[in-house]
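Fold and geometry: a report
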Amino acid sequence: MGGKILLANMDVPGIRDFDVYHASGGYKSVEKALRDMTPAQVAAEVTRSGLRGRGGAGFPTGLKWSFLDKKPDKPRFLVCNADESEPGTFKDRYLMQHLPHLLIEGLIVSSYALGVKSCYIYIRGEFKYLVGILEKAIREAHLHGFLGENILGTGFGLQIYVHPGAGAYICGEETALLESLEGKRGNPRIKPPFPAFKGLYGCPTVVNNVETLATIGPIINMGGEAYSKIGKGKSTGTKLISACGNINKPGVYEIEMGLPVKDFIYGDAYCGGIANDKKLKAVIPGGSSVPILPADLIVNTASGVQRLMTFESMADGDFISGTMLGSGGFIVFDEDACIVRNTWNLTRFYRHESCGQCSPCREGTGWMENVLHRIEHGQGKMSDIDLLVRIAKNIEGTTICPLGDAAAWPVASAIRHFRHEFEEHVLHPAEVLEKERGLQAVY
Amino acid sequence: MIKVTIDNVTVETEEGTTILQAARKIGGKIIPPAMCYYSKLKGSGGKCRTCLVKVSQSSTKDPRPMPKLVASCSTPVQDGMVVQNLTSPEVIEARKGIVEFLLINHPLDCPVCDQAGECDLQDLSFGFGMAETATEEERREFPVIDIGDYIKLHMNRCILCYRCVYVADQLTDKRLHGVLYRGDVTEISTFISKGIENDFSGNMIDVCPVGALTDKTFRFKSRVWFLKPMNVHRDCPKCSGKAVAWMFGNEIYRITARKDKYGEVEDFICNECRFDKKNPADWVIEGPRHIIRQSVISANHYEKEEKPSVIKPIEGTMEKQK
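Residues numbered from 1 in each chain as written. Chains lettered and ligands numbered in written order. Predicted model: local features only at pLDDT ≥ 70, side-chain atom pairs only at ≥ 80, totals over all residues. Heavy atoms only, no water.

Describing the overall build of chain A
- For chain A, the count of helices and strands is 19 helices and eleven strands.
- Relative to the compact-globule value of 22 Å for 443 residues, chain A shows a C-alpha radius of gyration of 22 Å, a close match.
- Oriented by its inertia axes, the alpha-carbon framework of chain A measures out at about 75 × 45 × 40 Å.
- Taking all 443 residues of chain A together, 62% fall into the buried category. (Helix = DSSP H or I, 4+ residues; strand = E, 2+ residues; numbered from the N terminus. Rg over C-alpha atoms; globule rule 2.2 N^0.38 Å. Buried < 20%, exposed > 50% of the residue type's maximum accessible area, 1.4 Å probe, protein only.)

See below:
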């Protein structure tokens, strides 16, 4: 399928260098926006495109920008959230590694639209090798007059700084990211006030995902109207999906919104079917935080309609029979995968990454991990399953930041759809252990 | 002035106040419990989540309900806001869940804890806790560290309200302790086991809602409800000198700051007043201190009980209680 927007020039050799990128049509949007358009026109174009945030929540970017406090007494900041730590998601890394200039281009245009003079890329600590790539791209852009005091002689000035974090998952939450960027402990802030009014250093701030910002350049090039025609309904444009798990061809794919999930899993242009000719068991479609869905519900919705790769279609059936598109970390499980073990693994992650600030998340994630560890290792009781449901319900919606919800949803959905597996672990622990890991029971 | 309705009681308040402060204007049982919020400490609140309330109408302009329960201590009121605290079964359920979370790793060593009788967590679990425990795991334990001659840190009891950190930040100039690590192994600690030494460090004890920080000069001396609180004052060059002496006969067992009816310190006092002046001759005794609390501490103080405010349930939201 053609129609690639972000990864259109992916295969051009040396696209990481400024000259090649510029020669293949890069930085056109900067020239167009800065020379021919006013900041308000650029923002309007983004609103018209219907672009929705690619970080996971799917909030309309144009609307988010419109919330920014435009009082002239304080400087404004744009922060690029490159702290991509969601298990199963690796699209931003791919984008920054191969097309760093696409991000820089998006940052310049977005900064122009928002009236921002300094812009930060907060990059995950584990992506240290990307810092050099990004800084080289920034240096090249400086040399060619696309960054600095007077960009292309238009009088608009912008500086971009790259700030590596220390590898905490919680610093991907926008207010924890701002705390960390200020040099403090990465605890999420209590909202309100929202970053649009009081963000970095107490000034109005917009925090956007890497993929969102990288899309801004192409939107300005093709026009918001044209971009909104791609995709389906309110999910416009294309989206990067990082597919992994038991599939034939794991990797990052750019899809047009509205592609049927079935085509994505079995299509030769994408995942290429389940590895080793196994059967599909379950899919986590948007990074580890979103609810897991069994094979029949991911291919078709509960009402029998084909499920599509859009924000709306994924959420069809709410959390009873639906899930979320999230950040696009598409994790596929084949028939041999043990849902209990996977859920336990995810809870272990959330326990380790909880910041420990608010009580439901601090205590609840650890408790869930303990109970799931017990069930997985053959010490569980039937009452433990209901206990897990109750803990997940108590965490959901009571925490400061979405990490609590993110920890509760996988557990609640795994029990909702795969309760029989949990029961089997409780009733026949020795058989399960032997079947899954080829181990003889030792107790 | 704007109008807010909390549990069917309407109150007028200034713009910028939080729901909790508006509830305090009404008073009585309507006030959501607060374990981490402290009106005297800037930035506190929002962490313990016990003060969660339901906003069934955001404002007159925007009558939609808020999608999630909100922390009343950090959510500002808007004109025409309708808030449900005790009248919402959802809030009661959520609060029960939070109390359970706070207690699963709490050692429950109240029989040997100096805070017993004046402990916010005791009051909270009496109000919203469950009778039985659902955990079978071992409770979390921390290595014991010594933070000086006056203050005993008992990290196992801590609920991480961050109040003591704000005290150290806002009352004293060199903060020596803070929060280390993250998740469920987060702890309050000093950097490489340093002692906390400054003139106002003792206020950490007063702001601590549980028995995590206690007075070493008073440890295991007496139960608080056996003592007689007296208002005392002295000329102190460092602080206001207004304090409460907890006496047994003519002996002063301990000195604390004066607390208002929300359990918050009125005037922070210095360490010299708190720890070193245990001789009644050092103080001018004004008279008995009125302690208005529901818990056991006021058992021997013959306070006239405040008339409990009547909670009117909204029709259909709550089953009729017997």
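Anyway, onward from the coordinates.
Focus on the pairing of strand E2 (residues 9–13) of chain B
All names here are of chain B.
- Sheet analysis places strand E1 (residues 2–6) next to E2, joined by five bridges and oriented antiparallel. Directly across from Val4, in E2, lies its bridge partner Val11.
- With antiparallel pairing between neighbouring strands as the criterion, E1 and E2 make up a hairpin whose turn holds two residues, including Asp7 at a positive phi of roughly 50 degrees. (Pairing = 2+ DSSP bridges.)

A closer look at the domain arrangement of chain B
All names here are of chain B.
- You can read the domains of chain B as domain 1 (2–98) and domain 2 (110–298).
- Contacts between the two partners involve 20 residues from domain 1, matched on the other side by 21 residues from domain 2.
- Both faces combined, the contact of domain 1 with domain 2 buries some 1900 Å², and carbon together with sulfur accounts for 63% of it.
- Three residues stand out in domain 1 for area buried against domain 2, namely Met35, Tyr38 and Leu41, and they jointly supply 39% of the buried area on that side.
- Where domain 1 packs against domain 2, one counts three salt bridges.
- Linking domain 1 to domain 2 there are eleven residue pairs in polar contact (both at pLDDT 80 or more).
- Considering each element in turn, the side of domain 1 that touches domain 2 owes the most residues, three residues, to helix H2 (residues 89–104).
- Residues that form the side of domain 1 that touches domain 2 fall into these classes: ten nonpolar, four polar and six charged. (Domains from an automatic or database assignment. Contact = heavy atoms within 4.5 Å. Buried area = accessible area lost by both parts, 1.4 Å probe. Salt bridge = Lys/Arg side-chain N within 4 Å of Asp/Glu carboxyl O. Polar contact = N/O pair within 3.5 Å; in protein donor to acceptor, adjacent residues only side chain to side chain. Nonpolar A, V, L, I, M, F, W, Y, C, P; charged D, E, K, R; others polar.)

Let's talk about the packing of helix H16 (residues 359–376) of chain A against helix H18 (residues 403–427) of chain A
Residues and elements named next belong to chain A.
- Contact geometry for H16 and H18: axes closest at 12 Å, N-to-C directions at 20 degrees. Taken together, the axes of H16 and H18 are roughly parallel relative to one another. As for the relative orientation of H16 and H18, their crossing is left-handed in sense. Counting all contacts with H16, which are made through Cys361, Thr365, Met368, Leu372, Ile375 and Glu376, the residues of H18 involved are Leu403, Gly404, Ala407, Ala408, Val411, Phe422, His425 and Val426. (Axes fitted to C-alpha atoms, helices over the stretch in contact; angles between N-to-C directions. Parallel < 35°, antiparallel > 145°, perpendicular 65-115°, else oblique. Left-handed = near helix turned anticlockwise from the far one by under 90°.)

Section: the pattern of salt bridges
All names here are of chain A.
- With the rule as written, the count across this model stands at 47 salt bridges over all chains.
- For the salt bridge of Arg189 with Glu179, the shortest nitrogen-to-oxygen distance reads 2.8 Å. Here the residue Arg189 occupies a position in the loop between helix H8 (174–181) and strand E4 (205–209), and Glu179 occupies one in helix H8, the gap between them amounting to ten residues.
- What makes Glu179 buried here is its relative accessible area of 14%.
- In this structure, Lys278 engages Asp336 in a salt bridge whose closest nitrogen and oxygen atoms are separated by 2.6 Å. Of the two residues, Lys278 sits in the loop between helix H11 (261–266) and strand E9 (280–284) while Asp336 sits in the loop between strand E11 (329–334) and helix H15 (339–353), which places them 58 residues apart along the sequence.
- One network of salt bridges, with partners in common, ties together Arg54, Lys91, Asp92, Glu211 and Lys239.

Quick notes on unusual backbone geometry
- The peptide bond linking Lys191(A) to Pro192(A) adopts the cis configuration, its omega dihedral lying at -5 degrees.
- Checked against the element boundaries, Pro192(A) lands in the loop between H8 and E4.
- That bond from Pro192(A) to Pro193(A) is cis: its omega, 0 degrees, falls within 30 degrees of zero.
- Phi is positive for Leu152(A), close to 55 degrees, though the residue is something other than glycine.
- Positive phi is not limited to glycine here, since Leu108(B) has a value of about 55 degrees.

Side note on the sheet that holds E2(B)
Residues and elements named next belong to chain B.
- Spatially, the five strands line up as an open sheet ordered E2-E1-E5-E3-E4, and their pairing is mixed. The open sheet terminates on both sides in strands that have one partner only, identified here as E2 and strand E4 (70–71).
- Running over the sheet, helix H1 (residues 19–26) touches E1, E2, strand E3 (52–57), E4 and strand E5 (81–84) and is turned about 110 degrees from E2.
- Lying on the sheet, H2 is in contact with E3 and E5; it crosses E3 at an angle near 160 degrees.

Topic: the interface of chain A and chain B
- Each partner contributes residues to the interface: chain A has 34 residues there, and chain B has 34 residues.
- Of the roughly 2700 Å² buried between chain A and chain B on both sides combined, carbon and sulfur atoms contribute 48%.
- Sorting the residues of chain A by area buried against chain B places Arg362(A), Glu363(A) and Trp367(A) first, and these three jointly supply 23% of that buried surface.
- Our count for the contact surface shared by chain A and chain B stands at eight salt bridges.
- Here Glu100(B) ties to Arg390(A) by a salt bridge, and the two come within 2.8 Å at their closest N and O atoms.
- Remark: the boundary between chain A and chain B carries 19 residue pairs in polar contact (both at pLDDT 80 or more).

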